[in-house]
Amino acid sequence: MSEGSKPPKRQALKAIKGTHDILPGETAAWHRVEGLAREHFARYGYREIRTPVFEETELFARGIGEDTDVVSKEMYTFGDRDGGSLTLRPEATAGIVRSVIEHNLSNVDPLLRVWAMGPMFRRERPQKGRQRQFHQVDVEAFGVTAPGIDAEIVEMGFAFLERCGLSGLELILNSVGDAEDRQRYAGVLREALRVQASALCADCQRRTETNPLRVLDCKVPSCQPVIEALPKIADHLGADARDHFAEVCRQLTLLGIPYRTSHRLVRGLDYYTRTTFEIVATEGLGSQSTVLGGGRYDGLVRDLGGPDLCGIGFALGVERLLLLAPPAGDEPRCDVFLMPLAAAAGDPALMAQKLLRNAGVRAVLDHGFWRRREVGASPAGAPSDSAASSAPAPVEGRSFKSRMKLADKLGARFVAILGDDELAQGAWSVRDMKTSSQEPVPLPALVEHVKGRL
RNA sequence: GUGGGUGUAGCUCAGCUGGUUAGAGCGCCAGGUUGUGGCCCUGGAGGCCGCGGGUUCGAAUCCCGUCACUCACCCCA
């Protein structure tokens, strides 16, 4: 044995930083959320739309805003072979709006209401409730200027989270006004901030010039007194926007949805107008407390080259939702575990499996009866002299007892046994794993027997 | 991009101020007589103690570096 002959250790392959596998034991929780979304949004007349995960970079740059953090430093952008610039979507709305314009959907469907679900990509430093690939459920409604649609969307989102089993939620509302209001207020704010620049943190001093609204979001303690004393956007809204917001609030109250308003709720994407909202969890998400956020975007469709079509929507983070949702128990994977014991039982079991599946029964055939040709093929547990023997023993050649354990592990309700005795009798021994009772069932009657009992 | 924390078995973690063959629980495998799961008992497999260097007679343990993960800032779902 030469000392230096160790194989060079390779860097193990692993998922990209900030991405995660959703393992078989976890998918049940996702299915639950997805199923609830489908069902819940359908109640409100929303249909699913699916758009590509990548788009031309320009779409996001124009839609979300060049100066936003998302666009300026968080996008996964890459060159296409023909020289174009593509970007993995960092959020859903831009792509959906592009699709609406491209296919003229608002014309086809005056009540255009859609929802979507899928992965989004942002190159941020991962932490609790924040990943580089994460999933959002997204909802958009187009073409209704009335405040009622704002209330509907907010109520729909809130109710959805409740149906997912979340509690301890807080709904926060604000209005950032129409584009002109926002513009004007930003100017007012900038003036006020410049006067007090020395009292602000470095970030806020920068934001004073780049995006003064963001100062309102600052969490640095020393900035708080200044922020509290700043002029409020509520005092700078146009009459229409003010009335609109008041009506949204009135309807939510009428619907019994608890909320609070915050003049400091400023969303980070440039396209928002009038109503903005956020649902935060009071605990369980670390510092990432926002589960759902959204707002109205009355100028976006036009800005992206479409008709002057208003819109409103929200996005909710599925991973964050799952962090807050009660754990989902794992679902049983099998109704009937077919266990042929003799070689002659293999074919009947194979046929039975097919019939069961055709009848909608989840059937798993145990291959434990299969014998390899080699004599004395090393049974499970025997040490192998191969260095790389970390793979588990194959299921073939396991004991009867061990195979029963497999059936139990699968959560099988019934185990159908076919050995020499059963073959002679022409009947399965069907064990009900729940009651631990066992009875003979004639070969052709298996499907009927289990179907009647599931 | 900037800080803090943590890297030991598939998972969750012990391992005190350096001292023999590195441990537990869970999980996995096998047994507890013939063909019967869960509960219990017994046994077993499985670790370059993240990686590299240094100090030392001796390092999982101390020091430096590096990488990874994680939490937080920024920002957002």
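Every value quoted in this text rests on a predicted model; they were computed, and no experiment measured them.

(A) Representation of a nonpolar patch on the surface within the structure. On the surface, a cluster of nonpolar side chains totalling about 240 Å² of accessible area is made up of V53, F54 and F78. Exposure remark for F78: the relative accessible area of 35% places this residue in the partly exposed category.

(B) The nonpolar core, seen in detail. Among the nonpolar cores identified, the biggest contains 43 residues, and F41, Y46, I153, F160 and L161 are the most heavily contacted of them. Once residues within four sequence positions are removed from consideration, F160 is found in contact with V33, L36, A37, H40, F41, L316 and L321. Grouped together as the second largest cluster of nonpolar side chains are 27 residues, V70, F134, L269 and V301 included.

(C) Local environment of the protein's contact with RNA strand B. If you check the shell around RNA strand B, you find 52 residues, and the closest are R122, R130, R207, G268 and S436. When the atoms of RNA strand B within 4 Å of the protein are grouped by moiety, sugar and phosphate amount to 54% of the total. K14 has a polar side-chain atom sitting 3.4 Å from a sugar or linking oxygen of RNA strand B. K128 has a polar backbone atom sitting 3.0 Å from a phosphate oxygen of RNA strand B. Of all elements in the fold, only β6 (133-142), β10 (290-296), β11 (311-317), α14 (400-410) and α15 (420-425) reach the threshold of two or more residues within the surface near RNA strand B. A breakdown of the residues in the surface near RNA strand B according to their chemical character gives 11 nonpolar, 17 polar and 24 charged.

(D) Main features of the environment of N174. Locating N174 in the fold gives a position in strand β7 (residues 169-175). With a relative accessible area of 5%, N174 lands in the buried category. In the structure, N174 is positioned 38 residues away from P212 in sequence and 16 Å away in space, judged by C-alpha atoms. The residues contacting N174, other than those within four sequence positions of it, are I233, F245, S262, H263, L265, R274, T275 and T276. Within the structure, the side chain of N174 is placed 3.3 Å from the backbone oxygen of S262, a separation counted as a polar contact. A distance of 3.1 Å separates a polar atom in the side chain of N174 from the backbone oxygen of L265.

(E) Structural detail: the pattern of salt bridges. For the structure on display, the rule yields 24 salt bridges. The shortest N-O distance in the salt bridge between R98 and E102 comes to 3.1 Å. Placement of both R98 and E102 in helix α4 (residues 93-102) is noted, with a separation of 4 residues, approximately one turn of the helix. Looking at E102, the relative accessible area reads 53%, which means it is exposed. Salt-bridge contacts for D366 lead to R403; the nearest nitrogen and oxygen are separated by 2.5 Å. With D366 in the loop between β13 (363-365) and α14 and R403 in helix α14, this residue pair connects regions lying 37 residues apart in the sequence.

(F) Up close: the packing of aromatic side chains. Counted according to the given criterion, the structure contains 7 aromatic pairs. For the ring pair F41 and W115, a centre distance of 5.6 Å and an interplane angle of 50 degrees mean the geometry is tilted. You can see F41 sitting in helix α1 (residues 27-43) and its partner W115 sitting in strand β5 (residues 113-121), a full 74 residues away along the chain. Residue F41 shares its accessibility class with W115, and that shared class is buried.

(G) A look at the pairing of strand β12 (residues 336-340). Summarising burial for β12: 5 of the 5 residues are buried, a large majority. Of the two faces of β12, the one holding V336, L338 and P340 and the one holding F337 and M339 are both buried throughout. Sheet analysis places β12 next to strand β14 (residues 414-418), joined by 5 bridges and oriented parallel. When the bridges of β14 are listed, M339 appears paired with I417.

(H) Examining helix α2 (residues 57-64) more closely. Of all 8 residues in α2, 6 are buried, a share of seventy percent or more. When α2 is considered as a whole, its buried residues turn out to be T57, L59, F60, A61, G63 and I64. As for α2, its buried residues are in contact with β2 (54-56), α3 (69-73), β3 (77-79), β4 (85-88), α4 and α11 (300-303). In the segment just after α2, G65 is the residue with positive phi, at about 115 degrees.

(I) Examining helix α10 (residues 239-254) more closely. Taking 1.5 Å as the rise per residue, α10 with 16 residues should run 22 Å; its terminal C-alpha atoms sit 22 Å apart, in good agreement. Buried within α10 we find A241, H244, F245, V248, C249 and L252. Down the axis of α10, the buried set is contained in an arc of 130 degrees. They therefore lie on one face. For α10, the exposed residues set more than 90 degrees away from the buried face come down to D240, D243 and L254.

(J) Quick peek at the confidence of the model for chain A. Of all residues in chain A, 92% attain a pLDDT of 70 or more, and the chain-wide mean is 88. Within the model, the stretch residues 1-9 combines pLDDT values under 50 with 0 contacts to residues more than four positions away or in other chains. Taken together, the chains of this predicted complex give a pTM of 0.89 and an interface ipTM of 0.88.

(K) Seen up close, the environment of I279. Secondary-structure assignment places I279 in strand β9 (residues 273-281). Classification of I279 by relative accessible area gives buried; the value is 0%. Along the chain, I279 and P326 lie 47 residues apart, while their C-alpha atoms are 18 Å from each other.

Cut-off values and rules
Residues numbered from 1 in each chain as written. Chains lettered and ligands numbered in written order. Predicted model: local features only at pLDDT ≥ 70, side-chain atom pairs only at ≥ 80, totals over all residues. Heavy atoms only, no water. Patch = residues over 30% accessible without salt bridge, like charges linked within 9 Å, V, L, I, M, F, W, Y side chains within 5 Å. Areas by Shrake-Rupley, 256 points an atom, 1.4 Å probe, with all protein chains shown as cover. Salt bridge = Lys/Arg side-chain N within 4 Å of Asp/Glu carboxyl O. Buried < 20%, exposed > 50% of the residue type's maximum accessible area, 1.4 Å probe, protein only. Core = buried A, V, L, I, M, F, W, Y, C linked by side-chain atoms within 4.5 Å. Contact = heavy atoms within 4.5 Å. Near = heavy atom within 4 Å. Polar contact = N/O pair within 3.5 Å; in protein donor to acceptor, adjacent residues only side chain to side chain. Helix = DSSP H or I, 4+ residues; strand = E, 2+ residues; numbered from the N terminus. Nonpolar A, V, L, I, M, F, W, Y, C, P; charged D, E, K, R; others polar. Phe/Tyr/Trp six-rings, centres within 6.5 Å; stacked < 30°, edge-to-face > 60°. Pairing = 2+ DSSP bridges. Expected span 1.5 Å × (residues − 1). Arc of directions from axis to C-beta. pLDDT = per-residue confidence, 0-100.

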